[in-house]
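Spelled out from the first residue to the last, the chains are:
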Amino acid sequence: MTSPTQFHGWLAHDKSAAEGNMTWSAFTPKPFNDIDIDIKISHCGICGSDVHTLRSGWGNTHYPTCVGHEIVGHVVRLGSSVQKFKLGDRVGVGAQAFSCLKDSCEECSNGLEQHCTKMVGTYNGKYPDGSWSMGGYASHARVPAHFAIAIPTGLKSEDAAPMMCGGITVYAPLRNNGAGPGKRVGIVGVGGLGHFGILFARALGCESVVAISRRRNKEGDARAMGAMEYIATSEDDKWARKHSRSLDLIVSTVSAPDMPLESYLRLLRTGGSFIQVGAPEDKLPPIAAFGLIGKGCKIGGSQIGSPSDIEEMLKFAAEKGVKPWVQKRSMTEANRSVVEMEEGKARYRYVLVNTDTEERARM
């Protein structure tokens, strides 16, 4: 197995890339180091973060960039100090490609690499040597081996790929906030992230899993995923009053700045927690302090998960048979898929599948 000196991928050159204007082009990856591996990509999920980055929604993107941080493929090159993998291993990479990993780092030394101040994203991130990370809408990916995870044999590649970011983004806050038997959990948003929230909350054995969405058009899907109840906030009359003090934990996957946050807080029981994982391009709406004080509830946030968290999640998914709802698309359809993802057409995660070299060469 070998890897080329140049990789090929769908490159964004300006904000219009989010409108389906990426170009399949060659690019030079970061310099190869002894801690790195090269991965020949077979699958890459499409994440909402990709669209935000393509259009510079979270700040100025460093163009050209190649997005995609739900990567699965096979190792084709090993750095001299890499011992955890061998050539041909099937691995996945999520939204993080680097942290300092120093013993003196409070985050890295405690297995919280995703919160390290030196954290580098899998794309649009700057490494300490000044090179920029490039993502998985591509033929290959190059990352430090520490941030690659072996994929269990019980998971298909198309199912594992969207778990690398979408899955861990909700699994980590569910696990870290006590989701399990006896707990009542609400998932705000029935989309790519939210559907993972429902699947994992049910697999964790929660007493009640409540899907919360603006409209009722996804109720059938949500119940098929494992939701026991469904709240349609724009259609149900007095929903916040009706379901007041009914949930121990709410995980919010939506990224709309106009979400009815105070009404969501009404759903919490005394001591409950509201955890935000969706990242709006604008600010969250204001809330009254008494929405927190009256019940002693908490608002928090969660950012992806550490490599060990992802490893745990993948093993759990394989053991419990957690299967995301994915729609496979050829890598040649990346532009169309990004546009349709933004339009809300995915049910519920698009996964790009790499085609052969001849087909890519015709693009």
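Residues numbered from 1 in each chain as written. Predicted model: local features only at pLDDT ≥ 70, side-chain atom pairs only at ≥ 80, totals over all residues. Heavy atoms only, no water.

1. Remarks on the nonpolar core
- Core analysis: the largest hydrophobic core is formed by 48 residues, its most contacted members being Met163, Leu174, Val185, Ile198, Phe200, Met313 and Leu314.
- Contributing elements (two or more residues each) for this core: α2 (157–176), β10 (184–188), α3 (192–203), β11 (208–213), α4 (219–225), β12 (229–232), β13 (247–252) and α8 (307–320).
- In terms of residues, this core owes the most to one element, α2, which gives 10 residues.
- Not counting residues up to four positions away in its chain, the partners in contact with Val185 are Leu174, Ala179, Ala201, Cys206, Ser208, Val209, Val210, Leu247 and Leu249.
- Trp10, Leu54, Tyr137 and Ala145 belong to the second largest nonpolar core, which has 43 residues in total. (Core = buried A, V, L, I, M, F, W, Y, C linked by side-chain atoms within 4.5 Å. Buried < 20%, exposed > 50% of the residue type's maximum accessible area, 1.4 Å probe, protein only. Helix = DSSP H or I, 4+ residues; strand = E, 2+ residues; numbered from the N terminus. Contact = heavy atoms within 4.5 Å.)

2. Section: α2
- Most pronounced at Met163, the bend in α2 amounts to some 60°.
- α2 sits mainly inside the fold: 18 of its 20 residues count as buried.
- Taken from the residues just after α2, Gly178 is the one with a positive phi, measuring 85°. (Bend = angle between axes of the 7 residues up to and from the residue.)

3. Some thoughts on the UniProt feature "domain: Enoyl reductase (ER)" (unreviewed entry) in the chain
- According to UniProt, the feature "domain: Enoyl reductase (ER)" (unreviewed entry) maps to residues 20–352 in the numbering used here.
- Helix makes up 25% of residues 20–352 and strand makes up 25%, while its end C-alpha atoms are separated by 15 Å. (UniProt positions renumbered as here; feature names shortened; annotations may be inferred.)

4. Some points on unusual backbone geometry
- Pro64 follows Tyr63 through a cis peptide bond whose omega is -5°.
- As for its placement among the helices and strands, Pro64 is situated in the loop between α1 (48–54) and β4 (71–78).
- If you check the backbone angles, Asn124 has positive phi at about 55° while not being a glycine.
- Relative to the helices and strands, Asn124 is located in the loop between β7 (120–121) and β8 (140–144).
- With a phi angle near 35°, Ile304 is a residue other than glycine that sits in the positive phi range.
- Along the chain, Ile304 turns up in the loop between β15 (298–301) and α8.

5. Notes on the environment of Asp159
- If you trace the backbone, Asp159 turns up in helix α2.
- On the basis of relative accessibility, which here comes to 5%, the residue Asp159 falls in the buried class.
- Placed 114 residues apart in sequence, Asp159 and Gly45 show a C-alpha to C-alpha distance of 9.1 Å.
- Setting aside residues no more than four positions away along its own chain, Asp159 makes contact with Lys323, Pro324 and Val326.

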